[in-house]
Amino acid sequence: MVETLYRFVWGGTRLLPGPVGFDDPRLENVSMHLEFRRDGRGGLPLDELRLLIPSWGDVQVDADGRLHKDLVDLLMLGAVRVCIDAWAPDKEIELGHALSEQILLRVLIPSDGSSVRGWTADVLIPRLRELMLTGPSSVLLVSRRKGDLDRVWRMMPDDLLHRFRWWLAPAEGRQVQLMRGDRRVIGWVLDGARMLEERR
């Protein structure tokens with residue numbers, strides 16, 4: 001069965017978009033994807049997360065991280081799955097994967113105006129081929145521009161689509177139609193605030 005996660009970004013004192021308060025009772029019963037945007041700087045608010053994660057439903061965390069230590073900390077705090085940057089050092093990815101099956105490779109599609117087709121062919125596909133044998137078996141594919149996720153998905157070779165389990169987080173914030181179908185998708189990560197409103 002395909003899962004749907006409510007996607008939120010850590011906003012310091014609340015969850016974004018919304019904003020949604022940390023103590024919002026609706027968060028107790030949803031499966032959440034919690035995203036940090038650290039750009040490789042700063043630590044994680046582990047003391048706060050130690051209290052919050054058990055009070056929410058299942059939580060998958062993208063800590064914008066490149067170190068296996070961050071993954072271990074988050075799993076110990078109760079996260080059900082955690083993400084590591086697909087371009088983290090190979091050793092960090094291997095150590096994380098050796099410690100837990102609940103590690104996802106996070107692929108952030110660039111939104112800087114560069115060619116998505118060129119990046120997919122020249123950067124993403126070769127990197128996933130490198131990680132096929134040693135890395136985690138799941139990938140979180142994140143887009144920040146509308147339409148980019150399907151552009152990348154259309155270019156994915158069949159062997160990579162079948163090798164990995166795919167979680168998709170489209171910029172649109174909702175499920176998008178994929179030209180090649182979504183049979184290999186095990187989860188969608190969608191706009192959490194919108195989904196909470198729709199539940200009312």
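That block above? That's the structure.
Residues numbered from 1 in each chain as written. Predicted model: local features only at pLDDT ≥ 70, side-chain atom pairs only at ≥ 80, totals over all residues. Heavy atoms only, no water.

Things to note about the packing of aromatic side chains
- With the rule as written, the count across this model stands at six aromatic pairs.
- Where Trp87 meets Trp119, the ring centres are 6.0 Å apart and the plane angle is 45°; that geometry is what we call tilted. Here Trp119 lies in helix α4 (residues 116–131) and Trp87 lies in the loop between β5 (81–85) and α3 (90–99), a separation of 32 residues in the sequence.
- Judged by its relative accessible area of 29%, Trp87 falls in the partly exposed class.
- Aromatic side chains Phe164 and Trp166 sit 6.1 Å apart centroid to centroid with 80° between the ring planes, which places their arrangement in the edge-to-face category. (Phe/Tyr/Trp six-rings, centres within 6.5 Å; stacked < 30°, edge-to-face > 60°. Helix = DSSP H or I, 4+ residues; strand = E, 2+ residues; numbered from the N terminus. Buried < 20%, exposed > 50% of the residue type's maximum accessible area, 1.4 Å probe, protein only.)

A closer look at the pairing of strand β6 (residues 103–108)
- Counting buried positions over the six residues of β6 gives five, a clear majority of the element.
- With four bridges connecting them, β5 and β6 associate as parallel partners. Bridge pairing links Asp85 to Arg106 in β6.
- Pairing geometry for β6 and strand β7 (residues 138–142), over five bridges, is parallel. Within β7, the residue paired with Arg106 across the bridge is Leu140.
- Handedness of the crossover joining β6 and β7 through α4: right-handed. (Pairing = 2+ DSSP bridges. Right-handed = clockwise from strand over helix to strand, strands pointing away.)

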